[in-house]
Amino acid sequence: MRLAFAVAAHLDPEILIVDEVLAVGDAEFQKKCLGKMGDVAGEGRTVLFVSHNMAAIQNLCPSSMLLNNGKIQNFGLSADVINCYLDNPKSKNNKDYLINTTELAIQKFLVYQNEIKDPKFFLTDKEVIIEFFAVFKSEILGLRIGFDLISADGVLVLRSFDDDMQGSLVKNAGKYKLICKIPPHFFKPSNYLILPRITVHRMRWLYFGDSGIEMNFYNKQGVNSRYDDKRPGLIMPGFIWETRKID
């Protein structure tokens, strides 16, 4: 991806088409990509930027087009199109993903809190549970199952896979339920989107779509606006602080 972008960007094209280049690479690579696209646009040439990164779109593109199943859903000023995208998420809190390959099938994807009955209502002081129901049809080497957490303005907050802390990249044949638990006091009172991500490590994506699950977080008083909500940052994890007198 680095080589492909470098070649395309330095050929002085009249039209530069960039498709999800920010989904790969480290922060420095992404910064260079954004800088080069800005330079090309500043020289009067056309940049067609395809992305789900709302912050990058808003910074780079004066106008945008929203596609839904290959059809134009909205076209206009980027701020208006972004609002349309965020106001109409293709999301539910119980999603059946019929991913069927010769290797695996993902039967269901869930995001919920045990104490909350309304699947669109989440409390900041409660644990969030993410579940995948999967069938591995044979032994799979390099399979990683996880998710992207997206903020209300479309910024990628984090990407997590099932092998991040422990576990193996070798998946044996059988039926499985994969569970990820996000601790209480991690989210701000705000809206987030969780997008499933399934990949064969360093080889290919099996699922990298924009259909996910919307989460609306509130504090325990049942409102999503308070002093802490104004604190900078995309999340608000409850870190453990200690003050120790040492003399």
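For the structure itself, consult the block above.
The model shown is predicted, which means the values in this text are computed figures rather than measured ones.

Draft legend 1. The overall build of the protein, seen in detail. In terms of helices and strands, the protein carries four helices and 17 strands. Out of the 247 residues in the protein, the part that is buried amounts to 38%. Restricting to contacts in the protein with at least 6 residues of sequence separation, those with at least 24 account for 63%. Per element, the accessible surface of the protein, about 15000 Å² overall, is 54% carbon and sulfur.

Draft legend 2. Looking closely at a nonpolar patch on the surface. Taken together, the side chains of Ile15, Ile17, Leu48 and Val50 define a hydrophobic patch exposed on the protein surface, amounting to about 370 Å² of accessible area. Residue assignment for the nonpolar patch shows that the elements contributing at least two residues are strand S1 (15-19) and strand S2 (46-50). Take Leu48: it is sitting in strand S2.

Draft legend 3. Region of interest: the pattern of salt bridges. Per the stated rule, a full pass over the model turns up eight salt bridges. Of the charged contacts in the structure, one is a salt bridge between Arg159 and Asp148, with a shortest N-O distance of 2.6 Å. Here the residue Arg159 occupies a position in strand S12 (residues 156-161), and Asp148 occupies one in strand S11 (residues 143-150), the gap between them amounting to eleven residues. With relative accessibility at 29%, the residue Arg159 sits in the partly exposed group. In this structure, Arg197 engages Asp148 in a salt bridge whose closest nitrogen and oxygen atoms are separated by 2.9 Å. Taken together, the positions of Arg197 in strand S15 (residues 191-200) and Asp148 in strand S11 put the pair 49 residues apart, joining distant regions of the chain.

Draft legend 4. Representation of the environment of Ala56. Tracing the backbone through its elements, the reader meets Ala56 in helix H3 (residues 54-60). In this structure Ala56 comes out as buried when scored by relative accessible area, which is 8%. Put simply, Ala56 and Gly154 are 98 residues apart on the chain and 8.8 Å apart in space, counted from C-alpha to C-alpha.

Draft legend 5. Here's a closer look at the packing of aromatic side chains. Using the criterion set out here, one finds nine aromatic pairs in the structure. Look at Phe109 and Phe132: their rings are 4.7 Å apart centre to centre, the planes differ by 35°, and that puts the pair in the tilted class. Linking Phe109 in strand S7 (residues 104-112) with Phe132 in strand S9 (residues 128-136), this pair joins segments that are 23 residues apart in sequence. For the pair Phe109 and Phe132, one class covers both residues: buried. Both rings, one in Tyr192 and one in Phe217, keep their centres 5.8 Å apart while their planes meet at 85°; by these two values the pair is edge-to-face. Residue Tyr192 is located in strand S15, and its partner Phe217 is located in strand S17 (residues 213-218); the two are separated by 25 residues in the primary sequence. Pair check on accessibility: Tyr192 and Phe217 agree, each one buried. Among the aromatic residues, ring-to-ring pairing joins Phe122, Phe186, Phe187, Tyr192 and Phe217 into one connected group. Sitting over the ring of Phe208, Arg197 keeps its end group 3.9 Å from the ring centre.

Rules used throughout
- Residues numbered from 1 in each chain as written.
- Predicted model: local features only at pLDDT ≥ 70, side-chain atom pairs only at ≥ 80, totals over all residues.
- Heavy atoms only, no water.
- Helix = DSSP H or I, 4+ residues; strand = E, 2+ residues; numbered from the N terminus.
- Buried < 20%, exposed > 50% of the residue type's maximum accessible area, 1.4 Å probe, protein only.
- Contact = heavy atoms within 4.5 Å.
- Areas by Shrake-Rupley, 256 points an atom, 1.4 Å probe, with all protein chains shown as cover.
- Patch = residues over 30% accessible without salt bridge, like charges linked within 9 Å, V, L, I, M, F, W, Y side chains within 5 Å.
- Salt bridge = Lys/Arg side-chain N within 4 Å of Asp/Glu carboxyl O.
- Phe/Tyr/Trp six-rings, centres within 6.5 Å; stacked < 30°, edge-to-face > 60°.
- Lys NZ or Arg CZ within 6 Å of the ring centre and 35° of its normal.

None of this, on its own, says anything about what the molecule does.
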